Amino acid sequence: MKQSRTMSMVEAAANVVVGYVLAIATQIVVFPWFGIETGLAEHLTIGLAFVGVSLARGYLLRRLFEAIRMRSAE
C-alpha cells in the first residue's frame, strides 16, 4: 500500500505537534536544572523555532523512505 503525499504531511504534522508539546514540557522541567529561567512565552517561542525544521525533516524523510520502498517493490 502506498502512502499519499497528503497523508505523509498529516503524519509529519502530527509527529511535530506531539514533539512540540513534549519539548515544551521538557524545557519547563530541564531548563531550571541549568539555571535557565524563562517564562511560558519564551518556552513556546523556542519550541516554535524548531517546528518548521521538524515538519520539513519528517515529511522529507517519509517521502524518501516511501520512494525507496516503491523502488524495491518494482
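Residues numbered from 1 in each chain as written. Predicted model: local features only at pLDDT ≥ 70, side-chain atom pairs only at ≥ 80, totals over all residues. Heavy atoms only, no water.

J.: Break down the side chain of Gln 27 for me, with residues and values.
T.: With respect to the element layout, Gln 27 can be found in helix H1 (residues 5–30). A distance of 3.0 Å separates the side chain of Gln 27 from the side chain of His 43, its partner in a polar contact. (Helix = DSSP H or I, 4+ residues; strand = E, 2+ residues; numbered from the N terminus. Polar contact = N/O pair within 3.5 Å; in protein donor to acceptor, adjacent residues only side chain to side chain.)

J.: Let's hear about the pattern of salt bridges: which residues, and what values?
T.: Applying the stated rule across the entire model yields two salt bridges. Between Arg 69 and Glu 66 there is a salt bridge, and its shortest N-O distance comes to 2.8 Å. Taken together, the residues Arg 69 and Glu 66, both in helix H2 (residues 40–73) and three residues apart, mark about one turn of the helix. Arg 69 sits in the partly exposed class, given a relative accessible area of 31%. You can call Glu 66 buried: its relative accessible area is 5%. (Salt bridge = Lys/Arg side-chain N within 4 Å of Asp/Glu carboxyl O. Buried < 20%, exposed > 50% of the residue type's maximum accessible area, 1.4 Å probe, protein only.)

J.: Could you give me a rundown of the packing of H1 against H2, with the residues and numbers involved?
T.: Two elements in contact, H1 and H2, have axes whose closest approach is 8 Å; the angle formed by their N-to-C orientations is 150°. In this view, H1 runs roughly antiparallel relative to H2, as classed from their interaxial angle. Pair H1 / H2 crosses with right-handed handedness. The residue inventory of the contact of H1 with H2, partitioned by class, reads 14 nonpolar, six polar and four charged. (Axes fitted to C-alpha atoms, helices over the stretch in contact; angles between N-to-C directions. Parallel < 35°, antiparallel > 145°, perpendicular 65-115°, else oblique. Left-handed = near helix turned anticlockwise from the far one by under 90°. Nonpolar A, V, L, I, M, F, W, Y, C, P; charged D, E, K, R; others polar.)

J.: Give me the environment of Gly 19: which residues, what numbers.
T.: Mapped onto the elements, Gly 19 comes out in helix H1. For Gly 19, a relative accessible area of 32% gives the class partly exposed. Placed 35 residues apart in sequence, Gly 19 and Ser 54 show a C-alpha to C-alpha distance of 8.8 Å.

J.: Give me the lowdown on H1, citing residues and values where you can.
T.: With 26 residues, H1 should reach 38 Å at 1.5 Å per residue; the first-to-last C-alpha distance of 36 Å fits that figure. Here H1 has its buried residues at Ser 8, Ala 12, Val 16, Tyr 20, Ile 24 and Gln 27. Turning to H1, the residues buried within the fold contact H2. (Expected span 1.5 Å × (residues − 1). Contact = heavy atoms within 4.5 Å.)

J.: Tell me about the side chain of His 43, residues and numbers included.
T.: Here His 43 lies in helix H2. Residues within four places of His 43 in sequence aside, it is in contact with Ile 24, Gln 27, Ile 28, Phe 31 and Thr 38.

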